[in-house]
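Each chain, written out:
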Amino acid sequence: MGLEEKLPAGVLLTSVEKVVNWSRKSSLWPATFGLACCAIEMMAAGGGRYDLARFGMEVFRPSPRQADLMIVAGRVSQKMAPVLRQIYDQMPEPKWVIAMGVCASSGGMFNNYAIVQGVDHIVPVDMYLPGCPPRPEMLIDAILKLHDKIMDEPLGVNARRRDLPGYEPRKQVASSQRFTKEGKQAHRVALQKELMR
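Overview of the structure. None of these values were measured; they are calculated from a predicted model. (Residues numbered from 1 in each chain as written. Predicted model: local features only at pLDDT ≥ 70, side-chain atom pairs only at ≥ 80, totals over all residues. Heavy atoms only, no water.)

## Regarding the nonpolar core
No. 1: If you look at the biggest cluster of nonpolar residues, it comprises 24 residues, and the most contacted ones within it are Leu 69, Ile 98, Met 100, Leu 139 and Leu 146.
No. 2: When contributions to this core are tallied by element, the ones reaching two or more residues are α3 (38-46), β2 (69-73), β3 (96-100), β4 (127-129) and α6 (136-151).
No. 3: For this core, the element with the most residues is α6, which contributes 7 residues.
No. 4: In contact with Leu 139, not counting residues within four places along its chain, are Met 42, Ala 45, Ile 71, Met 100 and Leu 129.
No. 5: Val 76, Val 97, Val 119 and Val 123 belong to the second-largest nonpolar core, a separate cluster that totals 16 residues. (Core = buried A, V, L, I, M, F, W, Y, C linked by side-chain atoms within 4.5 Å. Buried < 20%, exposed > 50% of the residue type's maximum accessible area, 1.4 Å probe, protein only. Helix = DSSP H or I, 4+ residues; strand = E, 2+ residues; numbered from the N terminus. Contact = heavy atoms within 4.5 Å.)

Here you go:
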């Protein structure tokens, strides 16, 4: 007999942290920062066939002041690096970065003086997306994994729990595994265990 059984239908119990993180993950607004061929795949992910609008990402924002997700799609040259950093600095907190494609992640095949060997030398990266160029499905999977990461972010006083010994963030699972019948059941069990803590 738990408290949940005593409550009338339509009453929801949760924490402020979970509601805030849910609203953040459900309304990510990406900044347009397409630099090379990966940008075509990023645009395809926003099109009707793949439809990023399902995840609250209808419009790629032209202004960094309105965006909280930067998708760096393509190679970053040394001349473009300060511009990338300036746009990142103009984005409001909290903000996240996805390095889309092998060129943004590690410089790719362009191992020379003109290309930055990984965008993580300029901005902190939350999710690396391999491929040359990665398919729109891979970008959507990376965004879903970023959603999981955002849901696990502590707020306020709880933000210090990352520094405690024994803290482990939630395990990242591919969406192809997560949305199977067994994956959904395992996800429900994990959520119930988390709520019982």
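Structure's up, so let's keep going.
## Considerations on empty space enclosed by the protein
No. 1: Within the structure shown, the criterion is met by 1 cavity of 30 Å³ or more.
No. 2: Volume-wise, the largest cavity comes out at about 40 Å³.
No. 3: Residue lining of the largest cavity: Ala 36, Cys 37, Cys 38, Gly 74, Arg 75, Gly 101, Val 102, Cys 103, Gly 131 and Cys 132, and that is the complete set.
No. 4: Here the residues of the lining of the largest cavity sort into 6 nonpolar, 3 polar and 1 charged. (1 Å grid on protein atoms, 1.4 Å probe; cavity = no way out; pocket = protein on both sides within 12 Å on 5 of 7 lines; lining within 4 Å. Points joined across faces, edges and corners; volume = space filled by probe spheres on them. Nonpolar A, V, L, I, M, F, W, Y, C, P; charged D, E, K, R; others polar.)

## Regarding unusual backbone geometry
No. 1: Of note, the bond from Glu 93 into Pro 94 is cis; its omega dihedral lies within 30 degrees of zero at -10 degrees.
No. 2: Cis geometry marks the peptide bond from Cys 132 to Pro 133, where omega comes out at -20 degrees.
No. 3: Examined against the element boundaries, Pro 133 turns out to sit in the loop between β4 and α6.
No. 4: Here the phi dihedral of Asp 51 falls at roughly 55 degrees; this positive angle occurs in a residue that is not glycine.

## Structural notes on the pattern of salt bridges
No. 1: Evaluated as defined, the whole model comprises 6 salt bridges.
No. 2: Here Asp 89 ties to Arg 85 by a salt bridge, and the two come within 3.1 Å at their closest N and O atoms. Of this pair, Asp 89 and Arg 85 both sit in helix α4 (residues 81-90), 4 residues apart, which is roughly one turn of that helix.
No. 3: By relative accessible area, which is 46% here, Asp 89 ends up partly exposed.
No. 4: In this structure, Glu 137 and Arg 135 form a salt bridge, with 3.4 Å as the shortest nitrogen-oxygen distance.
No. 5: Accessibility expressed as a relative area gives 40% for Glu 137, which makes it partly exposed.
No. 6: Taking the relative accessible area as the measure of exposure, Arg 135 reaches 42% and is therefore partly exposed.
No. 7: Linked through salt bridges whose partners overlap, the residues forming this network are Glu 41, Arg 135 and Glu 137. (Salt bridge = Lys/Arg side-chain N within 4 Å of Asp/Glu carboxyl O.)

## Notes on α4
No. 1: Of all the positions in α4, only Ala 81, Leu 84 and Tyr 88 are classed as buried. Across the axial projection of α4, the buried residues extend over an arc of 60 degrees, all falling on one side.
No. 2: As for α4, its buried residues are in contact with β2 and β3. (Arc of directions from axis to C-beta.)

## A word on the sheet that holds strand β1 (residues 30-31)
No. 1: With parallel pairing, 4 strands are arranged side by side in an open sheet as β1-β2-β3-β4. Strand pairing shows two members of the sheet lacking a second neighbour, β1 and β4, which therefore form its edges.
No. 2: Summarising the sheet, β3 and β4 pair through 3 bridges and their orientation is parallel. The partner of Met 100 across the bridge, within β4, is Leu 129. (Pairing = 2+ DSSP bridges.)

## Examining the packing of aromatic side chains
No. 1: Scanning all chains against the criterion turns up 0 aromatic pairs.
No. 2: Over the aromatic face of Trp 29 sits the side chain of Arg 61, whose NZ or CZ is 3.8 Å from the ring centroid. (Phe/Tyr/Trp six-rings, centres within 6.5 Å; stacked < 30°, edge-to-face > 60°. Lys NZ or Arg CZ within 6 Å of the ring centre and 35° of its normal.)

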